[in-house]
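# An overview of the molecular structure
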Amino acid sequence: MPILILSDIHGNWDALQALTTEAGQYGEIWVLGDLVNYGPQPNEVIAWVAAHASVVLCGNHDYALAHHADPRCSPPYRRMAAEMARYTDAVLTPEHRQFLRGLPQFLRLEREGHGFYLCHAMPSDPLFGYCPAESPQWEQEWSAAAAEILLCGHTHVPFVRRVGPQGRGTVANPGSVGQPKSGSPQANYAVWTGEELQLRSASCPWQATVEKLQEIPLTLAVRAALVEALRTGKGAGLPA
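Every chain begins its residue count from 1, and numbering advances along the sequence as written. For a predicted model such as this one, the threshold for reporting local features is a pLDDT of at least 70, and the threshold for listing and counting side-chain atom pairs is 80 or more; totals across whole chains, interfaces and linings nevertheless cover every residue. Water and hydrogen atoms were dropped before computing side-chain values, which therefore reflect all heavy atoms in the structure.

### Points about the sheet that holds strand S9 (residues 187-192)
Here, a strand pair is defined by DSSP locating no fewer than two bridges between the strands. Each helix corresponds to a stretch of at least 4 residues labelled H or I by DSSP, and each strand to a stretch of at least 2 residues labelled E; elements are numbered beginning at the N terminus. Taken together, the 5 strands give an open sheet; going across it, the order is S3-S2-S1-S9-S10, and neighbouring strands pair in mixed fashion. For this open sheet the edge positions go to strand S3 (55-56) and strand S10 (197-202), each flanked by a neighbour on one side alone. With 2 bridges joining them, strand S2 (residues 28-31) and S3 adopt parallel strand pairing. Considered in S3, the bridge of Val31 is made with Val56.

In structure tokens form, the structure reads like this:
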């Protein structure tokens, strides 16, 4: 059975729901972290992931909310993350906070003879490291992972690239379900078919998420940036 691979849902229940109707088509669901923050419904997202995903990794925002720590966002996103973290911290249930605390930072898995290494960011820095899709550093990261297929999230930018001798390895990022940076407001995800990784996307009702953000006490600048990110799929931030 194919595997559904998700990452960076970020409390966007509306976007996740766009994928839940087809979730039953997959043998497993893997989530590469950042279930919370930026979006208005963290509890709904965690509850669904806890009930349906067989593999869940810890992201930098999950770690930050679980441990009252700094998610170490890049400058354009620090205000957005801080304001939404205050909201998320206030609404997160004790059970869901404990769920986040228990998430692993990386995992090695094998499925039908294929070896996988999963983390949120990158093997050398599983929570916070930032490595663009085109970076030559992915060769080193894949080598350090010592697995045929390296799966990471964190950047919100989907890609699949061949690495290693004769291109025998794969590094892939499924992109973001809840705050895409692919230039489209569609929810991004990936599918492991059993032989290859495929990047896919699905339409989602981003307007419904915007309406929920309007009900959260935020500064006008942060709310506008969050809305722009959802509307355009370009990850709009704020001046540093």
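Let us keep going from here.
### A few points about helix H7 (residues 206-213)
Among all positions in H7, only Thr209, Val210 and Leu213 are buried. End-on view of H7: buried residues confined to an arc of 105°, all on one side of the axis. Two residues qualify as a contact provided that any one of their heavy atoms is within 4.5 Å of a heavy atom in the partner residue. On its buried face, H7 sits against helix H1 (13-20), helix H4 (78-91) and helix H8 (220-232). The cut-offs for exposure are 20% and 50% of the maximum accessible area for each residue type, with area from a 1.4 Å probe on protein chains only; residues under the lower value are buried, those over the upper are exposed, and the others partly exposed. Picture the helix axis, draw a direction to every C-beta atom, and the arc is the one those directions span.

### Topic: the nonpolar core
The nonpolar side chains of soluble globular proteins are, as a tendency, buried together. We define a nonpolar core as any set of buried Ala, Val, Leu, Ile, Met, Phe, Trp, Tyr and Cys residues linked to one another through side-chain atoms lying within 4.5 Å. Of all hydrophobic cores here, the largest spans 33 residues; its most connected members are Leu6, Val31 and Val49. Looking at this core, the elements that each hand over two or more residues are strand S1 (3-6), H1, S2, helix H2 (42-52), helix H3 (60-67) and S9. Discounting residues that sit within four places of it in the chain, Leu6 has contacts with Leu16, Leu19, Ile29, Trp30, Val31, Leu32, Trp48, Pro174, Val177 and Tyr189. Counting 16 residues, the second-largest nonpolar core is a separate cluster that includes Tyr77, Ala81, Leu226 and Leu230.

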